[in-house]
Protein chains: 2
Amino acid sequence: MIRVSILGSGNVATHLINAFLKADGVELAQVYSRNIEDIEQLKNDVQITNTTQNLIPVDVTIIAISDDAITKFSNNLNIEGIVVHTSGSVSMSELSDSLSKGVFYPLQTFSKDKGLDFSEIPICLEAENESSLKLLKTLASTISNSVFEINSDQRKKIHLAAVFVNNFTNHLYQIGNSICEEHKVPFEILHPIIKETAKKIQEISPKEAQTGPAKRKDFKTIEKHLEQLSTKEKEIYTVLTDSISKTYQ
Amino acid sequence: MIRVSILGSGNVATHLINAFLKADGVELAQVYSRNIEDIEQLKNDVQITNTTQNLIPVDVTIIAISDDAITKFSNNLNIEGIVVHTSGSVSMSELSDSLSKGVFYPLQTFSKDKGLDFSEIPICLEAENESSLKLLKTLASTISNSVFEINSDQRKKIHLAAVFVNNFTNHLYQIGNSICEEHKVPFEILHPIIKETAKKIQEISPKEAQTGPAKRKDFKTIEKHLEQLSTKEKEIYTVLTDSISKTYQ
C-alpha cells in the first residue's frame, strides 16, 4: 500500500484526489490546502490540513499548485519520502534540494467540474534515482494505463506541444464558433467535423491527414476566404495558410 | 423510391455512393466519371458511364467534382430533375441556369480510404423552391440524422469556419507532432488531450473551455515557450497568443 498526500485544491489536485480515493493499492493519507474551506468536503474521506507543519509522513507527497508557486512552497517543506510536482513546464530541479525530488505530470486538460477517466491520461514521470522512479511508476499505474518516463527537457517540449494542440486548437474552435454565431448557423453543425479531425490523427499522421485550400494551393478560394474575415482572423488565416503551404512545398 | 445519380469519383462521391447503396428508399441509378476505370469496380452494383450524353433520367443528380469545375461541367448538362452540387464554397447560382438547381453539402472531412458513419454527418441543403427542398430533405434523411436548410451565404461561412476547425487545427496537430519527433517523445502521448479538447466543446463553449498561458496572461511562460520555437512556429505562437489575450481582455 503506497501512502500519498496531495498538497493543493485546484483542478489537477481535485482530479488526482478523486482518482486516488478510488484506486487500489493506494492510501490517500492527507490533503493540504492553505484555505481549509476548499477541502472541507473531503474531511470524511481523508485527513485534511491547512498547515504544512502538520503534514504526516507518507511515501509520496504530490504538490499540485500553480507553476509559479512551486519552488517557494517546496523550500518551506521539511518532509521525508518522495516529493513530486505536477507541472509540465517546471523542471524537477526547481524543487528544494533538501527533498527527494520527482515529477508526476498528468498530460490532460482539466476542468474542475468535468469528470475524467484517468485510466487513459498519460502520466509523465521523472525521479532522481531508479528506486524512486519505480515507486512512482507503481503509483501512476494505480490510476492510469499510460505511464511514461520523461525527463525535464522532454516534458517542457510536451507542454509546449500541448499548447498548440490544446490551447491554440481551442481558440480556432472559438473562431469557428463566432463565424457561425455571426451568420445564425448553429455551432453544433461543426461538432462532427471537429470530432473527426481529432480522431483521424489517431490513425494517420497529421501530415497525411492535411486537406484544404492551403495544402492544394487553391489561391482563388484563399482569396475569397480572406475577403470575408476580420483583421484579427485574417492575420491568423494568413500565418497558418503560409505555414501549411511551406510544409507541402 | 428516390432515383439518384452521382457524377464524380473523388472522396465525396465515393462516400456518397457507399452511403446511398446501403440506404433505404433510394435507388442509385447511375454513376458517372470521365475516367471509367475509376468507377469500374461499381459496375455490378450500378450502371456506370463516362459520357454525360448517356445520363439516364433521375429525380436528383449529384455533381460531386472539384469546386473549380462545377460551373463549366453543369453548363454541358442537359437533364431533367434536380441537379445539386456538394461544395461548401460554391453558390447555388453558379450552376447552369438551364437546370433545376440545388445544393447537397455534407459537412465532413473525407479521406477516401477511411470509413465514415454518414448518419452523424450534417448535410446542408439549398434549393430553388419548396418542393425541391422537400425532396432533398427526404433524400438526405435516408443517409443522415442531421439535415439543415442553409443558404449559399451561410454555407460559405460554414465552409470558412471549417477551414479553421479542421484544416488549421490539423496543422497545429502537425506542429505538435514535429515538436514531439524532434525530442524523441511518442506523439501518442498527445492523443488523449487532442481527443478531450475536441470533446470538451461539445459540452461547454470554446470560450469557456479556453485555458493556457495566453488566457491567464502568463508572460513568463509565453517567453519561455517562444525561446524554444523555430521562426515559423514562433510566428504562429505569437499571432494565436495575441488573439487569445485580446479575446479575454
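As the structure is a computational prediction, the values presented were derived from the model and not from experiment.

**Structural notes on the overall build of chain A**
When helices and strands are tallied, chain A shows eight helices and eight strands. The principal-axis extents of the C-alpha atoms in chain A amount to approximately 65 × 40 × 30 Å. Each of the 249 residues in chain A was classed as buried or not, and the buried ones make up 47%. Considering only intrachain contacts with a sequence separation of at least 6, the fraction spanning at least 24 residues in chain A is 51%.

**A few points about the pairing of strand β6 (residues 100-106) of chain A**
Both faces of the sheet carry side chains from a regular strand, because those side chains alternate between them. Residues and elements named next belong to chain A. Counting buried residues in β6 gives six out of seven residues, a clear majority hidden from the surface. Here strand β5 (residues 82-85) pairs with β6 via four bridges, running parallel. Each residue of the ladder has a partner; that of Ile 82, found in β6, is Ser 100. Looking at chain direction, β6 and strand β7 (residues 123-127) are connected through five bridges and run antiparallel. Across the sheet, the residue bridging to Phe 104 is Leu 125, located in β7.

**Some words on helix α5 (residues 191-200) of chain B**
With respect to burial, α5 of chain B is a largely interior element, eight of its ten residues being buried. Taken as a whole, α5 of chain B has its buried residues at His 191, Pro 192, Ile 193, Ile 194, Glu 196, Thr 197, Ala 198 and Lys 200 of chain B. Tucked inside the fold, the buried residues of α5 of chain B contact α4 (152-182) and α5 (191-200) of chain A together with α4 (152-182) and α6 (206-209) of chain B.

**Let's talk about the interface of chain B and chain A**
Interface size is often expressed as the accessible area that is lost when the parts come together. In this complex, chain B contributes 68 residues to the contact, which on the side of chain A involves 68 residues. At the level of elements, α4, α5, α6, α7 (219-227) and α8 (231-247) of chain B are the ones that each hand at least two residues to the side of chain B that touches chain A. For the side of chain B that touches chain A, the element with the most residues is α4 of chain B, which contributes 23 residues. Residue composition of the side of chain B that touches chain A, by class: 34 nonpolar, 24 polar and ten charged.

**Let's talk about the sheet that holds strand β3 (residues 47-49) of chain B**
All names here are of chain B. Taken in spatial order, the eight strands line up as β3-β2-β1-β4-β5-β6-β7-β8 in an open sheet, and their pairing is mixed. Pairing within the sheet leaves two strands with one partner each, and these edge strands are β3 and β8 (147-149). Between one strand and the next, the sheet's axes are offset by a mean angle of 25 degrees, whatever the strand orientation. Its contacts with the sheet place helix α3 (residues 130-141) against β1 (2-7), β2 (26-32), β4 (60-63), β5 (82-85), β6 (100-106), β7 (123-127) and β8, and it is angled at close to 160 degrees to β7.

**Notes on the sheet that holds strand β3 (residues 47-49) of chain A**
Residues and elements named next belong to chain A. With mixed pairing, the eight strands of this open sheet are ordered in space as β3-β2-β1-β4-β5-β6-β7-β8. The open sheet is flanked by β3 and β8 (147-149), the only strands paired with a single partner. Averaged over neighbouring strand pairs, the angle between their axes works out to 25 degrees when direction is ignored. Of the strands in this sheet, β1 (2-7), β2 (26-32), β4 (60-63), β5, β6, β7 and β8 touch helix α3 (residues 130-141), which is tilted by about 160 degrees from β7. The strands touched by α4 are β6 and β7; relative to β7, the strand with the most contacts, the crossing angle is about 155 degrees.

**Some thoughts on the pairing of β5 of chain B**
Residues and elements named next belong to chain B. In β5, alternate side chains face the same way, and those of Ile 82 and Val 84 on one face and Val 83 and His 85 on the other are all buried. The pairing of β4 with β5 spans four bridges and is classified as parallel. The residue of β5 that forms the bridge with Val 60 is Ile 82. In this region the chain leaves β4, passes through helix α2 (residues 70-75) and returns to the parallel neighbour β5; the handedness of that crossover is right-handed.

**Notes on the packing of α5 of chain A against α5 of chain B**
When two helices pack together, their arrangement is given by the angle between their axes and by how far apart the axes lie. One can describe the packing of α5 of chain A onto α5 of chain B by two numbers: an axis separation of 9 Å at closest approach and a directional angle of 175 degrees. Regarding the angle of α5 of chain A to α5 of chain B, the classification is roughly antiparallel. Across the interface between the two elements, Ile 194, Lys 195 and Ala 198 of chain A of α5 of chain A pack against Ile 194, Lys 195 and Ala 198 of chain B of α5 of chain B. Among the residues forming the contact of α5 of chain A with α5 of chain B, the class breakdown is four nonpolar, no polar and two charged.

**Details of the environment of Lys 246 of chain A**
With respect to the helices and strands, the residue Lys 246 of chain A is situated in helix α8 (residues 231-247). The exposure class assigned to Lys 246 of chain A is exposed, which follows from the 10 C-beta atoms found within 10 Å.

**Here we look at the packing of α8 of chain A against α8 of chain B**
Contact geometry for α8 of chain A and α8 of chain B: axes closest at 10 Å, N-to-C directions at 160 degrees. Classed by the angle they form, the pair α8 of chain A and α8 of chain B counts as roughly antiparallel. Both α8 of chain A and α8 of chain B take part in a crossing whose hand is left-handed. Where α8 of chain A approaches α8 of chain B, its residues Lys 232, Glu 235, Ile 236, Val 239, Leu 240, Ser 243 and Lys 246 of chain A are matched on the opposing element by Lys 232, Glu 235, Ile 236, Val 239, Leu 240, Ser 243 and Lys 246 of chain B. Classifying every residue of the contact of α8 of chain A with α8 of chain B gives six nonpolar, two polar and six charged.

**Focus: the relation of the copies chain B and chain A**
Placing chain B over chain A gives an RMSD of 0.0 Å and needs a rotation angle of 180 degrees, together with 0.0 Å of translation along the axis. Here the copies are linked by what is in effect a two-fold axis. Taking C-alpha positions as the reference, the residue of chain B nearest the rotation axis is Thr 169 of chain B, at 2.8 Å. Same-surface contact between copies: 100% of interface residues of chain B are shared with the interface of chain A.

**Looking at the domain arrangement of chain A**
Residue and element names in this part refer to chain A. In terms of domains, chain A is made up of domain 1 (2-150) and domain 2 (155-247). Once you take the C-alpha centre of each, domain 1 and domain 2 turn out to be 35 Å apart. Across the contact, nine residues belong to domain 1 and six residues belong to domain 2. Those elements that provide at least two residues to the side of domain 1 that touches domain 2 are β6 and β7. Its residues assigned to classes, the side of domain 1 that touches domain 2 shows five nonpolar, three polar and one charged.

Reading the values: rules and limits
Throughout this description, residue numbers start from 1 for each chain and increase along the sequence as written. Numbering of ligands from 1 and lettering of chains from A proceed in the order in which they are written. Per-residue local features are limited, in this predicted model, to residues with pLDDT of at least 70; the limit for side-chain atom pairs, both in listing and counting, is 80 or more; totals at the level of whole chains, interfaces and linings are taken over all residues. Every helix listed is a DSSP run of H or I at least four residues long, and every strand listed is a run of E at least two residues long, numbered separately from the N terminus. Backbone-placed C-beta atoms define the burial measure: a residue is buried with 20 or more other C-beta atoms within 10 Å of its own, exposed with 12 or fewer, and partly exposed in between. In this description, any two residues whose backbone-derived C-beta atoms lie within 7 Å of each other are considered to be in contact. Pairing between two strands requires that DSSP report at least two bridges joining them. Amino acids are sorted into nonpolar (Ala, Val, Leu, Ile, Met, Phe, Trp, Tyr, Cys and Pro), charged (Asp, Glu, Lys and Arg) and polar (every other residue, Gly among them). The angle between two axes is taken between their N-to-C directions and runs from 0 to 180 degrees, where each axis is a line fitted to C-alpha atoms and a helix contributes only its stretch in contact. Handedness rule for crossovers: strands pointing away from the viewer, path from the first strand over the helix to the second running clockwise, crossover right-handed. Here is the rule for angles: anything less than 35 degrees is roughly parallel, anything more than 145 is roughly antiparallel, 65 through 115 is roughly perpendicular, and the remaining ranges are oblique. Two helices crossing with the near one rotated counterclockwise from the far one by less than a right angle form a left-handed crossing, whereas a clockwise rotation gives a right-handed crossing. The superposition of copies rests on a least-squares fit of C-alpha positions from residues with pLDDT of 70 or more in both. For the domain bounds, the source is a domain assignment made automatically or taken from a database.

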